[in-house]
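# Remarks on the overall topology
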Amino acid sequence: MRSTSFEAMWKDLAALGRDPRTGGYRRYAWTPALRACESWFTDEAGRRGLTLEADGNGNAVAWWRPGPLRLEGGVITGSHLDSVPDGGAYDGPLGVVSALAAVDVLCERGVRPSRPLGIAVFIEEEGARFGLSCLGSRLMTGALAADQANLLRDADGTQLPEAVAAMGLEPRFGPSLDLLCDPVAFVELHIEQGRALADVDAPVGLATGIWPHGRWRFTFTGEANHAGTTRMADRRDPMLTYAMTALAANKRARLAETGTGEGSGARATFGRVEVAPNGVNAIAGTVTAWLDARAADETALQSLVDDIMRQAHDRAARDGTTLAVVAESVTPAVAFDERLRARLVRRLGDLPMLPTQAGHDAGILATAGVPAAMLFVRNPTGVSHSPTEYADPADCLAGVHALADALEELLT
Ligand code: GLV
Ligand code: MN
Ligand code: MN
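In what follows, the accompanying structure is described. No experiment lies behind these values; they were computed from the predicted model shown.

Here we have four strands laid out as an open sheet, ordered S9-S11-S7-S12, and antiparallel in their pairing. In this open sheet, the two edge strands, each paired with only one partner strand, are strand S9 (266–276) and strand S12 (322–331). For this sheet the average axis-to-axis angle between neighbouring strands, irrespective of direction, equals 20 degrees. Relative to S12, strand S7 (residues 213–221) runs antiparallel, the two being bridged by nine bridges. Following the sheet pairing, Thr221 is matched in S12 by Thr322. Its contacts with the sheet place helix H9 (residues 298–319) against S7, S9, strand S11 (286–295) and S12, and it is angled at close to 155 degrees to S11.

Written out as structure tokens, the structure is:
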């Protein structure tokens, strides 16, 4: 591949869905910003003569099938184009752009595949709009039922089917693994979202698995009242219960940081909060806050969340508030396919191996029984889900070539 193929695609995509005030991306599912990215993908697929197919969930696949290949036993690569609020350029799009560039490499090498190669783009991987991460791959694999998806609402109260229809599309949710045509392997390339590769000075690594993780909605309810005239002793302020809970969650996860490896410890974050009525001179009536929690194994995750909930309830009793907690999603641990990884190691050499704390469509597919692997590209600062997320262009090209090698191994 001429490096210009990657660079030109990267440049075209860079402008789409970017907020000039923050420099971050707001590519939310079923919005014009993400539709622009999807059109870009359609154009790039068309330029390469790839055949585009879509399911009724919002996922798409572009097939590379030179010669008279039957459409079964596909090798799948790709990632997602949607972002978190004010996300970076790489989380998701790097896997899609690298997949297209890898096809260019395979063409230049004159590779004659014995299987079809599909470049998949999954919808709403981040769950930034409808609250459930990997929505597209969960629907595709049947991990999320259509009637549950129909009930999802975004922060403005728009129901998922209405949002899809508003884009001129027909919502037809349901299992759609046949879109991937009996896949024999899924290899997702992704920017690393920590500093493990930087620490060992390697441009590319292989994932071993994904930590179990989930999202819990905490609703703290008190009594809305006047900020000036309500005596301190008379308040039932849910903001206090929330604030103490956020501190307790942070402390509990830090205390779990035993060991030093990437596979140890725990994470707990309140990154989104909604306050009603949200007035400067009013004691809040309700605070809704979302806990994102992750740990190295499922027992550790359960004990982390149980401890945080217990401390929140204890504090609510002292504040005269009440608390309701709903698990919005819990994703079990994923161990990527060892035979597939061993095959990639034979072809790519001894790459660093690392677990990840981030969720991915590859994890959802792996849980559904598709042999899956992930390649990570070095992130020098480790920063992700932020406009400052970055990968060096030379490392991106190393990622493209590693992906092309992996795909060539699986296709021939
Ligand atoms: C996805 O990036 C997640 O792990 O939240
Ligand atoms: Mn992400
Ligand atoms: Mn991602």
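This is not the end of the story, as more comes after the structure.
To continue, consider the site of ligand 1. Taken together, Glu126, Arg294, Ala358, Gly359 and His385 make up the full set of residues adjacent to ligand 1. Protein coverage of the free-state accessible area of ligand 1, which is 190 Å², stands at 93%. Of the residues that constitute the shell around ligand 1, the class distribution is one nonpolar, two polar and two charged.

Now for the coordination of the manganese ion (ligand 2). Ideal geometry at a metal centre gives angles of 109.5 degrees when four donors are arranged tetrahedrally and 90 or 180 degrees when six donors are arranged octahedrally. Listed as protein donors to the manganese ion (ligand 2) are Asp91 (OD), Glu126 (OE), Glu126 (OE) and His385 (NE2); their distances from the metal cover 2.0 to 2.6 Å. Within one chain, the residues donating to the manganese ion (ligand 2) are spaced in sequence as D-x34-E-x258-H. A gap of 3.7 Å separates the manganese ion (ligand 2) and the manganese ion (ligand 3), which Asp91 links by coordinating each metal. One end of the pair, Asp91, is in the loop between strand S3 (75–80) and helix H3 (93–109); the other, His385, is in the loop between strand S15 (372–377) and helix H12 (393–411), and 294 residues separate them in sequence. The class for Asp91 is buried, based on a relative accessible area of 5%.

What follows covers the coordination of the manganese ion (ligand 3). Listed as protein donors to the manganese ion (ligand 3) are His80 (NE2), Asp91 (OD) and His190 (NE2); their distances from the metal cover 2.0 to 2.2 Å. Taken in sequence order, the residues that donate to the manganese ion (ligand 3) follow the motif H-x10-D-x98-H. Its relative accessible area of 1% is what places His190 among the buried residues.

Before going further, it helps to spend a moment on empty space enclosed by the protein. Inspection of the entire model under this criterion finds two cavities of 30 Å³ or more. If you trace the largest cavity, you find it lined by Trp10, Leu13, Ala14, Tyr25, Arg27 and Ala89. Partitioned by chemical class, the residues of the lining of the largest cavity number five nonpolar, no polar and one charged. Taken as a whole, the second largest cavity spans an internal volume of roughly 30 Å³. Lining the second largest cavity are Cys134, Arg138, Ile210, His213, Thr331, Gly359, His360, Gly363 and Ile364. Residues of the lining of the second largest cavity, tallied by class, amount to three nonpolar, five polar and one charged.

Our focus in this paragraph is the nonpolar core. Of all hydrophobic cores here, the largest spans 69 residues; its most connected members are Trp30, Trp40, Phe41, Leu81, Leu94, Leu160 and Leu375. It is H3 that provides the largest number of residues to this core, a total of 10 residues. For Leu94, the residues in contact, after removing those within four places along its chain, are Phe6, Trp10, Leu189, His190, Ile191, Val377 and Cys396. One finds Phe122, Ala207, Leu365 and Met374 within the second-largest nonpolar core, a separate group that totals 25 residues.

Conventions adopted
- Residues numbered from 1 in each chain as written.
- Chains lettered and ligands numbered in written order.
- Predicted model: local features only at pLDDT ≥ 70, side-chain atom pairs only at ≥ 80, totals over all residues.
- Heavy atoms only, no water.
- Pairing = 2+ DSSP bridges.
- Helix = DSSP H or I, 4+ residues; strand = E, 2+ residues; numbered from the N terminus.
- Axes fitted to C-alpha atoms, helices over the stretch in contact; angles between N-to-C directions.
- Contact = heavy atoms within 4.5 Å.
- Near = heavy atom within 4 Å.
- Areas by Shrake-Rupley, 256 points an atom, 1.4 Å probe, with all protein chains shown as cover.
- Nonpolar A, V, L, I, M, F, W, Y, C, P; charged D, E, K, R; others polar.
- Donors = N, O, S within 2.8 Å, 3.2 Å for Na, K, Ca; no water.
- Buried < 20%, exposed > 50% of the residue type's maximum accessible area, 1.4 Å probe, protein only.
- 1 Å grid on protein atoms, 1.4 Å probe; cavity = no way out; pocket = protein on both sides within 12 Å on 5 of 7 lines; lining within 4 Å.
- Points joined across faces, edges and corners; volume = space filled by probe spheres on them.
- Core = buried A, V, L, I, M, F, W, Y, C linked by side-chain atoms within 4.5 Å.

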